[in-house]
Amino acid sequence: MKDAGPQAIHLSDYAPPPWLVETVHLTFRLDPQSTRVLSRIRFRRNPAVPGDHDLWLDGEKLTLTRAAIDGQPLDLVPESTGLRVPAALLPADGFEWTAEVSIAPAENTTLMGLYMSKGMYCTQCEAEGFRKITYYPDRPDVMARFHVRIEGDLPVLLSNGNPAGSGDGWAEWEDPWPKPSYLFALVAGDLVAHSGSFTTASGRDVALNIWVRPGDETKCAYALDSLIRSMRWDEEVYGREYDLDVFNIVAVDDFNMGAMENKGLNIFNSRYVLASPETATDQDYENIERIIAHEYFHNWTGNRITCRDWFQLCLKEGLTVYRDQQFSGDMRSHAVKRIEDVLTLRTRQFREDGGPLAHNVRPESYVEINNFYTATVYEKGAEVIGMLRRLVGADAYDAALRLYFERHDGQACTIEDWIAVFEDATHRDLSQFKRWYTQAGTPRLRVSEDWDDGTLTLTFRQWVPPTPGQPLKEAMPIPVALGLLAPDGTEVQPTVVLELTDPEQSFRFEGLAERPVPSILRGFSAPVILERDQSVEERAFLLAHDTDPFNRWEAGRSLARDVLADMATNGSEPPQLFFDGLRSLLGDRTLDPAFVALALRLPSEEAIAEHLHGQGHTPDPAAIHTARRRLSLLRAQDLAADLGCRYHEMMVPGPYSPDAGPAGRRALRNAALAALSQLDGGARAAEQFYGADNMTEQLAALSALLEIGAGETELAAFHDRWKGDRLVMDKWFSLQAMLAPPDRAASVARTLAGHPAFDWKNPNRFRALIGGLAANAAGFHDPSGDCYRFVADWLLRLDPLNPQMAARMSTAFETWGRYDGGRQTLIRQELSRIEATEGLSRDLREMVMRMLG
Ligand code: 0A1
Ligand code: ZN
């Protein structure tokens, strides 16, 4: 790998802060062009760092008006990244720093620090946004108590912690819990609240408010309900109570990510708060529930116990994702949730792990930390926690977590601390397990079977491919959950967890009457790629009989993937057994409709490309697209009667409810609709589109129409109906970009970019179009290279305004190495063009350099 650049920061260079902060008093005099920020900060010496040290305060784009130490004015010349106060000026036993700076929130387009969104002031400080607000040691291992005063002519003035007084044009907030600066937040605006309350297990009353722009308060009920369920769940399952008198959530339209866990004042992308049956899909509701839970759970895993430095990001993110996955499973269906989570892991994380951006769950260096809020840190980070729980068992996991909260409350910790807690609680040596944090790449696991006179021997061989900077790998500890099924479908070996530790290992199962069919990696017990030579018959058998719902789904999935891979590479025809397997699934009324809907979903074109690449082929996006469409059509023809039946049966009567039951029925019904639309010219879909009283059914109908090349009238009708709703219009943009025919994708995208509603400075809208196009695999990779140019042009346009977003979206190009020489050249040309651009942000530059390798 090329060096990430001169400014790379390395984990091995970590040094504790010589100065710690006790208390912070901030006063904000709000003004769009010139907000004054007054700070009074009490510093004390860090006893762990002997000697005399300068005081380094981070600060970016700040205008310093005055600064003093213990009231003595200082004459300091700021550097571009902060201020240095020489040790000689610092009283040895501590001092009070005071300063005044001015900033211009209305000019801040980066959406980091203090910025404005539709007349509302709001902040985003993770990871390093606080330094755009005032001079401060902006690092997570400096934790302090904050007192905030906000002065401004706006009805609602919010910050972290508990209210500490308010009057006309001012409000004060006091946060009793020491926190790092990245958890600071401020919001001011003309907002209204949808309110509720929660009484904690120990009887503390907490006021809950969801703050939105006037008019949106009717769309907050589900978010509030999700918050209350999250609070109860964290008490019941993890014994964690909330620790302030108020919990505020604010929805903003301009936000780079999903949401942010600021102490007592979570700030959300409005798409993960606002929902009504008419405007939000079942998927939106599920996301709201999940993200509300995620941010709430951070109160303990992230806020009370935080990260020592940003290399430890997975300490809070992996664990919190794992906790939100457990929560969603408890609220809905564990089987369905697990399949959905694995689908996300494979689409986003395996893709990352297999390309030039692969990195450890705990990275060892970075140029721009914002580039490491990745699927690897989040989703693989969560898988690592799941494996740990599988290895030590549920009770030991609970004991370890109790110890973690007890031992580390109020601290800024590392992965070493986390592992030590598990070692101490279980008396296990987890040094090999730590490789999951320090070795990148998705392990491949090859299994072979040997049957001899009542004994089945399974031999596992593991291999971790090289990744940037890590040519050689060591063996990973892999928990393999496994069961055995007799030929009549009965389970002769219930699930056991085998612990692989060596490059090659065999396991024997003796005394078997007949040769069983092994069901391997049940529940997807480890984030690995399992390679297995398995007949179509055996897969169909597991699809029909596996008692593990994940592997039952997986059997159908791998069958579909192999069928598609064959069709795309050698034009073969799908086996009848494939359709028969699906028919019996479709006809099984004992199965959860949500599960059946997932089993009917064909692997994405992206997933097939990745699989083919892994098998040593060069994927052809056009051939994959054609094969997938053809299989979809053949399947619809073969199953037409059954699909028609299920379509009618799965109608959901009565008023809309986002619960898992009715949502699962709609999922199956809409899967049937998409299939049937290939046969009926879109008649049913058009009928559903015009008759729908909820967005789930309306959007699914529109999507079914677009997929068969119809839907022009409906697109226009949809636009007219929803042009006033930003979140729904995002769907209108992304659907068209995603489903445009491959040879027209670039022109559709250009037309959309020219649409007056294409407000490209809004992250959700930008992502809808550019992300939608990148998800249109055959379109994006059209051999003309037109889409590559289009996306590169837009990244270059966005970069000066919002580098974080531009860098994120550049991952559209991360798979370039999979494709043929022609496409590789075209993509590298675009990446090189970006790299050569003058004034490129550090964010985008780092990404492009890593992708070019
Ligand atoms: N900690 C948040 C993610 C987050 C990170 C950076 C942000 O900057 C724009 C915003 C949010 C979470 O895990 O939800
Ligand atoms: Zn998080």
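Our subject in this report is the structure included herewith. Residue indices follow the written sequence of each chain, beginning from 1 at its first position. Following the order in which they are written, the chains are lettered starting with A and the ligands numbered starting with 1. Residues qualify for local features only when their pLDDT is at least 70, as the model is predicted, and side-chain atom pairs are given and counted only at 80 or more; totals for whole chains, interfaces and linings, by contrast, use all residues. Side-chain numbers come from the whole structure's heavy atoms, not from hydrogens or water.

Let's shift gears to the overall build of the protein chain. In DSSP terms, a helix is any run of H or I states spanning at least four residues, a strand is any run of E spanning at least two, and both are numbered starting from the N terminus. Check the secondary structure of the protein chain and you find 27 helices and 30 strands. Referenced to the eigenvectors of the C-alpha coordinate spread, the extents of the protein chain come out at roughly 85 × 65 × 60 Å. We call a residue buried when its accessible area falls under 20% of the maximum for its residue type, exposed when it is over 50%, and partly exposed in between, using a 1.4 Å probe and counting protein chains only. Residue burial in the protein chain is summarised as follows: out of 853 residues, 61% are buried. Here, residues are in contact when the closest pair of their heavy atoms is within 4.5 Å. In the protein chain, 70% of the contacts between residues at least 6 apart in sequence involve partners at least 24 apart.

Here we come to helix α16 (residues 660-680). The end-to-end C-alpha distance of α16 is 29 Å, a good match for the 30 Å that 21 residues give at a rise of 1.5 Å each. Among the residues of α16, those classed as buried are Pro662, Ala663, Gly664, Arg666, Leu668, Arg669, Asn670, Ala672, Leu673, Ala675, Leu676 and Ser677. Just beyond α16, the residue with positive phi is Gly681, at close to 65°. Take the residue count of a helix, subtract one, and multiply by 1.5 Å to get its expected span.

Another aspect to go through is the coordination of the zinc ion (ligand 2). For the zinc ion (ligand 2), the full set of protein donor atoms is His294 (NE2), His298 (NE2) and Glu317 (OE), at a range of 1.9 to 2.0 Å. Donor selection uses N, O and S atoms within 2.8 Å of the metal (3.2 Å for Na, K and Ca). Since no water is included, sites may look incomplete. A four-donor site is classed as tetrahedral when every donor-metal-donor angle falls between 85 and 135 degrees; four donors are called square planar, and six octahedral, when trans pairs exceed 155 degrees and all remaining angles lie between 65 and 115, with any other arrangement labelled irregular. The coordination sphere of the zinc ion (ligand 2) comprises four donor atoms, whose angles at the metal cover 99 to 127°; the geometry is tetrahedral. Positions of the donor residues of the zinc ion (ligand 2) along the chain correspond to the pattern H-x3-H-x18-E. With His294 in helix α2 (residues 282-297) and Glu317 in helix α3 (residues 313-331), this residue pair connects regions lying 23 residues apart in the sequence. In this structure, His294 and Glu317 share a single accessibility class: buried.

Looking now at the site of ligand 1. When at least one non-hydrogen atom of a residue lies within 4 Å of a molecule or strand, that residue is treated as near it. Lining the immediate surroundings of ligand 1 are 16 residues, of which Glu126, Glu261, Glu295, Glu317 and Tyr378 lie closest. We define a polar contact as two N or O atoms separated by no more than 3.5 Å, with the added condition that, inside protein, one atom must be a possible hydrogen donor and the other a possible acceptor, whereas residues neighbouring each other in sequence contribute only through side-chain atom pairs. In the model, a nitrogen atom of ligand 1 is placed 2.6 Å from a nitrogen or oxygen of the Glu126 side chain. Values of accessible area rely on a 1.4 Å probe in the Shrake-Rupley scheme; residue burial ignores everything except the protein chains shown. Protein chains shield 97% of the accessible area of ligand 1, which is 370 Å² for the free molecule. Listing elements by their share of the shell around ligand 1, those giving two or more residues are β19 (259-260), α2 and α3. Where a domain begins and ends is set by an automatic assignment or by a domain database. Each of domain 1 (19-217 + 230-267) and domain 2 (306-438) accounts for three or more of the residues forming the shell around ligand 1.

As a further point, take the environment of Gly302. Inspection of the secondary structure assignment puts Gly302 in the loop between α2 and β21 (306-307). Distance from Gly302 to Leu315, taken between C-alpha atoms, is 7.9 Å for residues 13 residues apart in sequence. Residues within four places of Gly302 in sequence aside, it is in contact with Tyr182, Leu183 and Lys316.

Pairs of strands are assigned from DSSP output, requiring at least two bridges between the strands. Pairing within the open sheet is mixed, and its four strands lie in the order β28-β25-β24-β30. Either end of the sheet is taken by a strand with one partner, and the two such strands are β28 (504-509) and β30 (529-532). This sheet shows a mean twist of 25° between the axes of neighbouring strands, independent of strand direction. Inspection of the sheet shows strand β24 (residues 444-452) paired to β30 by four bridges, in the parallel sense. Paired with Arg444 across the strands is Ile529, a residue of β30. Structural elements are reduced to axes, namely lines fitted to C-alpha atoms, with helices fitted over the stretch in contact, and the angle between N-to-C directions of any two is expressed from 0 to 180 degrees.

The subject of this paragraph is the pairing of strand β25 (residues 455-463). Burial of β25 is extensive: seven of the nine residues sit out of reach of the surface. Strand direction decides the pairing type here: β24 and β25, joined by nine bridges, are antiparallel. For Trp451, the partnering residue across the bridge sits in β25 and is Leu456. Counted along the chain from β24 to the antiparallel partner β25, the turn is two residues long, and its residue Asp453 has a positive phi close to 50°.

Now for the packing of helix α15 (residues 640-649) against α16. Across the interface, α15 lies against α16 with an axial gap of 8 Å and an inter-helix angle of 140°. As the angle between them shows, α15 and α16 are arranged oblique. Pair α15 / α16 crosses with left-handed handedness. Here Ala640, Leu643, Gly644, Arg646, Tyr647 and Glu649 of α15 lie close against α16, whose contacting residues are Arg665, Leu668, Arg669, Ala672, Leu673, Ala675, Leu676 and Leu679. Oblique is the label for any angle not under 35 degrees, not over 145, and not in the 65 to 115 range, which are roughly parallel, roughly antiparallel and roughly perpendicular in turn. Each crossing is labelled by how the near helix is turned from the far one, with a counterclockwise turn of less than a right angle marking it left-handed and a clockwise turn marking it right-handed.

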